[in-house]
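Chain by chain, the residues run as shown.
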Amino acid sequence: MTSRSVALAVLSVIALLGALTAAATTGTPAVDVEAGRRKAEVCAQCHGPDGNATAPGTPSIAGMPAFYTHWQLIMYRDGRRRDPQMTPFAERLGEGDLADVAAFYAAQRATARPASTDPARVAAGRPLAEKFHCTSCHGPRLLGQGQVPRLAGQDFDYLMKRLSGYKAKSASDLDGMMTMVAQGLTAADIESLVHFMASLPPAP
Amino acid sequence: MSPSRLARPLTVLLLGGGLLWPSAAQAQQPAWKQGQPPSMSTSPLAPIPAPPSPTPAAQIPVDKIKLPPGFKISVWADGISNARSMTFGDRGTVFLGSRVAGNVYAVVDRGGKREVKVVAKGLMQPSGVLFKDGALYVAEIPRLLKFENIEASLDSPPAPKVLYEYPKESHHNWRYLALGPDGKLYFNMGAPCNICDPPDTHANISRINLDGTGFEYYARGVRNSVGFDWHPVTKELYFTNHGRDWMGDDVPNDTLHHAPRPGLHFGYPHCHQGDIQDPDFGAGRACSEFAPPLLKLGPHVAAMGIRFYTGSMFPSEYRHRAFIALKGSWNRTQKSGYRIMTVELRPGAPPRYEVFADGFRDGDKVLGRPTYIQWMPDGSMLVSDDYHGAIYRITYQP
């Protein structure tokens, strides 16, 4: 991004939020959670004030590893991940905003999304998460780490859409790992894994 | 990348589509875990994540890097997220590729200050870059691209021409790109897995004409080479190669190879480091069937860029030595690599392998990850670091 387009993006965020100080948009890239809270106000209509969304299909981003949120915002902004609702908001964020917003959401406590998970499916999904090494990358309790997202307690419909997308090779994918992993899953595996992931507590 | 960690983690992460897996059972394993024996299934070793923002120069601990007497290192440019391989334009622009960042960069030297521009973005791991006759060639995973007359239009780069489309099932295959003495573009097509019997289209180094025609395989049985160079005198190809993961902390080694002619087979997946038969794919094959490595570079070190020294700034003993960047391990209990080495080729004797730059880690703490090497016209060295998103410059003064 050129410095001019960064400036434009920053300006549009200022216009949008109406509450940014010049200091928050210039200077060092040190991460500022409070600035992140203000910059994320515009996101609340869909993701909730603290990153806990309620609409089925919209992911909760509270308690997500900061690197993950940051990378995904870069992917939306650069057109590598596309969504009609999400893309325009990512495009309005400036380079310096991404780390702040990501840090703000990482610091929020995730709450469980309502899901009518089927206990039999949950029980079938648990061993699959070990067998396919989901836990190696996403962490033993699927809370995520580094550039790998939290899955525990995430919205059921969203998990289903994403995991099926990797399997169909149609989902965006930062490094190609998930697409590869999903190739070994059957439709029944995906269903069971989604029930299992949605049933887990979303915070430590 | 590699395993990317996205860092070396990524290098190994490569793996390809499920169709290429050796068996149904193995097809269920994730990229970088694939080939891990049950005894290691609880290993906490996982790729090191690539930070999404580059580190500002003032926060990069270059003062921790140890060099031989007379050498100095400084941060030459920062703000280059996920900086990978480098190539110089005719007018002095340094172009760089990246992996997960999806960007191609141009760094313009403005007398003591460097300006960083993004000349292409949103690409799929555009890690290979090469400048030739005014054009920038970029190898991303799915395509080989050409940006004509790039230095005249750094602020509004032309739309690229697609010169070549790589095999479809090579989804997890980031590439290195270099110009051979024969005027052809060389690139790797790595194995689509940690360990598997790859199809002919993978685990090789191949070449193509500058106009995208005349594709041919050059070297086979190469698990994944993301660095090569040609000897300044003999003009023969030397390349680094990443050894497989999950065979333990101390084997196999990453390796340096010599490919003086096309058609040689370097052993993957049957034989590793010239003397270890693969536990799954070695049966019925002998290491003696394959071209042996010239040198073992260390286990899991993530050997990346290699460049022979032809400049005149460094002391004469460095002339024609190969410098190799070891980005550093993830698949090892104690980290290894995180150094720049030199290799002196000696007729009739084994190569001499020495540490040049050390200290890119402090115990288990990553201080930097040297990734690729490029010589400046004055003979000083540029080193990219894809962890900090920076370029270092190493100079010598007696």
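Values in this document were obtained by computation on a predicted structure and should not be read as measured data. (Residues numbered from 1 in each chain as written. Chains lettered and ligands numbered in written order. Predicted model: local features only at pLDDT ≥ 70, side-chain atom pairs only at ≥ 80, totals over all residues. Heavy atoms only, no water.)

1. Regarding the overall build of chain B
Looking only at helices and strands, chain B features two helices and 28 strands. Here chain B holds 398 residues, and 63% of them are scored as buried. Carbon and sulfur atoms provide 50% of the accessible area of chain B, an area that totals close to 13900 Å². (Helix = DSSP H or I, 4+ residues; strand = E, 2+ residues; numbered from the N terminus. Buried < 20%, exposed > 50% of the residue type's maximum accessible area, 1.4 Å probe, protein only. Areas by Shrake-Rupley, 256 points an atom, 1.4 Å probe, with all protein chains shown as cover.)

2. Here's the deal with the pattern of salt bridges
All chains considered together, the criterion is met by 28 salt bridges over all chains. Across the salt bridge formed by Asp182(B) and Arg207(B), the nearest N and O atoms sit 3.0 Å from each other. Of this pair, Asp182(B) sits in the loop between strand E10 (177-179) and strand E11 (185-189) while Arg207(B) sits in strand E12 (residues 204-208); the two residues are 25 residues apart in sequence, bridging distant segments of the chain. Residue classification places Asp182(B) among the partly exposed residues on the basis of a relative accessible area of 35%. Relative accessible area serves as the criterion here: at 13%, Arg207(B) is assigned to the buried category. One network of salt bridges, in which partners are shared, links Arg77(A), Asp78(A), Glu95(A) and Lys121(B). (Salt bridge = Lys/Arg side-chain N within 4 Å of Asp/Glu carboxyl O.)

3. Overview of the packing of aromatic side chains
Residue and element names in this part refer to chain B. Under the definition given, this model contains 31 aromatic pairs over all chains. Relative to Tyr-166, the ring of Tyr-164 lies with its centre 5.5 Å away and its plane at 80 degrees, an arrangement referred to as edge-to-face. For the pair shown, Tyr-164 and Tyr-166 are each scored as buried. An aromatic cluster is defined as three or more aromatic residues linked by ring pairs; in this entry it consists of Phe-71, Tyr-309, Phe-314, Tyr-318, Phe-323, Phe-356, Trp-375 and Tyr-396. Between Arg-99 and the ring centre of Trp-174, over which it is positioned, the NZ or CZ distance is 3.5 Å. For Arg-321, the ring lying beneath its charged end belongs to Tyr-318, and the centroid distance is 4.6 Å. (Phe/Tyr/Trp six-rings, centres within 6.5 Å; stacked < 30°, edge-to-face > 60°. Lys NZ or Arg CZ within 6 Å of the ring centre and 35° of its normal.)

4. A closer look at the domain arrangement of chain A
Residue and element names in this part refer to chain A. Here the domain parsing of chain A yields domain 1 (21-106) and domain 2 (112-199). Each of domain 1 and domain 2 has a C-alpha centre, and these two points are 23 Å apart. Each partner contributes residues to the interface: domain 1 has 20 residues there, and domain 2 has 18 residues. In total, about 1500 Å² of surface goes out of reach between domain 1 and domain 2, with carbon and sulfur atoms giving 50% of it. (Domains from an automatic or database assignment. Contact = heavy atoms within 4.5 Å. Buried area = accessible area lost by both parts, 1.4 Å probe.)

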